[in-house]
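Take a look at the letters that make up each chain.
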Amino acid sequence: MDHFEYRGGVLHAEDVPLPAIAAEVGTPVYVYSRATLTRHARVFRDALAVLPKVHLAFAVKSNPNLAVLKVLAAEGYGADVVSAGEMDRALAAGIPAADVVFSGVGKTAAEMRRALEAGCGQFNLESEEEGQELAEIAHAMGLTATATLRINPDVDAGTHAKISTGKAENKFGVPFDRAAGIYGRLSALPGLNLRGLALHIGSQLARLDPLEAAFIKAGSLMRAIRAEGFAVTHMDLGGGVGVPYRAGEVYPQPDEYAAMIARVTDGWDATLMFEPGRVITGNTGVLLTEVVRVKAGALHPWVVVDAAMNDLARPAMYDAWHDFSAVKPGGTRMTANIVGPICESSDTFAMARDIDTVARGDLAVFRTAGAYGATMANTYNSRPMVPEVMVDGGRWAVVADRIEPATILSAERVPEWLE
Ligand code: LLP
């Protein structure tokens, strides 16, 4: 459910007609609906309220915009971060450092130090080596780092290979059968307070059973580790719940997810931690674009839009589908290929797609672009960095400026010896 609806034949974000935003900000531009964001944050939070002890850490990578983080901070979300840059954003949004979980397979010593100084609530360790390094750094600073150990449960998440993270061949976590030994050794180190396990098997999961299988494995490991006399008080169950990208698709609902977790974790007696990203932000945004021209093609016309793979990378990277709708549909349909202006064939949003008929100058949106949209944008082909707008009822604001190529050029230097 979202708040992007047609009123009088014109697509609106809440009470704002999208052409009004395009006229002032230009295109392409991401448009977020605050009401949708708040709604998703609450539905997810309220669904998990059936569990005894819960900590929610929004996966900042899915949408790190400061205004988005502000809204989620007000809804009581902590943050799951994977870099010092993401941590700084979470703190700038007012999320308490104690509610920040630092994940990521390659935390540097400098990042560990900064996070410790800031009072970061938990590090999710990806290896024994990382745990030893964190322990040394914290000990030298006279601090104790709170941590969990990320396990690789070797479960197939059934999602796109590039966003699968829980199979033995993936780089994440420690091998399941070595985890108990590593847990014991790390628990003995001064400077480290190892308090639990973490896992995350992948993103855009269409079914709950791979998650359930992974949680069951994690639960048995938790019991084995406790049986050896070590404390396990926190279990970080990651993120990964998928969302529908095509009208009519059915995905697990937060209450079904919560019911499955309640069943699997019954009797665990641990704080359950979550790192949701897409399920909170996916539906909260669209990418608003203008049709540059419609070019005749061998099989189908090419609809060339002014958004490209640098603005929305998901179709090029993961063959992802994003519904495409005209802002002012005229009632007729066409079959077309939708592409951006970038000079490579991967800059393709859709092939042979049945869409609203569009012509040069028409506005259109790619839907469900609130997660892994702007955050993955870049400036390939020396295009601008795409701006972001947030709508709240009848008002709206630019929440990230368009960064012009001239600004980026101004950060480049020609060494003397090339002059
Ligand atoms: N926790 C960890 C440790 C993660 O690596 C991720 C996502 C999440 C939580 C959040 O997962 P979510 O709830 O959003 O599924 N760029 C890709 C998605 C990459 C996800 C990376 N990790 C895409 O556009 O589909």
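Rules behind the numbers
- Residues numbered from 1 in each chain as written.
- Predicted model: local features only at pLDDT ≥ 70, side-chain atom pairs only at ≥ 80, totals over all residues.
- Heavy atoms only, no water.
- Pairing = 2+ DSSP bridges.
- Helix = DSSP H or I, 4+ residues; strand = E, 2+ residues; numbered from the N terminus.
- Axes fitted to C-alpha atoms, helices over the stretch in contact; angles between N-to-C directions.
- Parallel < 35°, antiparallel > 145°, perpendicular 65-115°, else oblique.
- Left-handed = near helix turned anticlockwise from the far one by under 90°.
- Contact = heavy atoms within 4.5 Å.
- Nonpolar A, V, L, I, M, F, W, Y, C, P; charged D, E, K, R; others polar.
- Phe/Tyr/Trp six-rings, centres within 6.5 Å; stacked < 30°, edge-to-face > 60°.
- Buried < 20%, exposed > 50% of the residue type's maximum accessible area, 1.4 Å probe, protein only.
- Lys NZ or Arg CZ within 6 Å of the ring centre and 35° of its normal.

Asks: Which residues make up the pairing of strand β21 (residues 395-400), and what values go with them?
Replies: Two elements, strand β20 (residues 388-392) and β21, share five bridges in a ladder whose sense is antiparallel. Of the residues in β21, the one forming a bridge with M390 is A397. Following β20, the chain reverses through two residues before pairing antiparallel with β21; G393 in that reversal takes a positive phi of roughly 65°.

Asks: I'd like a rundown of the packing of helix α2 (residues 34-48) against helix α3 (residues 66-74), residues and numbers included.
Replies: In contact at an axis separation of 10 Å, α2 and α3 are set at 40° when each is read in the N-to-C sense. One finds that α2 runs oblique with respect to α3. Note that α2 runs across α3; the crossing there is right-handed. Residue-level contacts link R34, L37, T38 and A41 of α2 to V68, V71 and L72 of α3. Partitioning the contact of α2 with α3 into residue classes produces five nonpolar, one polar and one charged.

Asks: Give a detailed account of the packing of aromatic side chains, specifying residues and quantitative values.
Replies: Applying the stated criterion across every chain yields a total of seven aromatic pairs. Ring geometry for F102 versus F123: centroids 6.1 Å apart, planes at 15°, classification stacked. Within this pair, whereas F102 is found in strand β7 (residues 100-102), its partner F123 is found in strand β8 (residues 122-125), the two being separated by 21 residues in sequence. Of the two residues, F102 and F123, both sit in the buried class. Look at Y183 and F230: their rings are 6.5 Å apart centre to centre, the planes differ by 65°, and that puts the pair in the edge-to-face class. One end of the pair, Y183, is in helix α7 (residues 179-187); the other, F230, is in the loop between α8 (209-227) and β12 (234-236), and 47 residues separate them in sequence. One aromatic cluster is present, formed by F44, Y257 and F274 through successive ring pairs. Above the face of the W321 ring, R246 is positioned so that its terminal group lies 3.5 Å from the ring centre. For the cation-ring pair, R353 lies above W321, with the distance from its terminal atom to the ring centre recorded as 3.5 Å.

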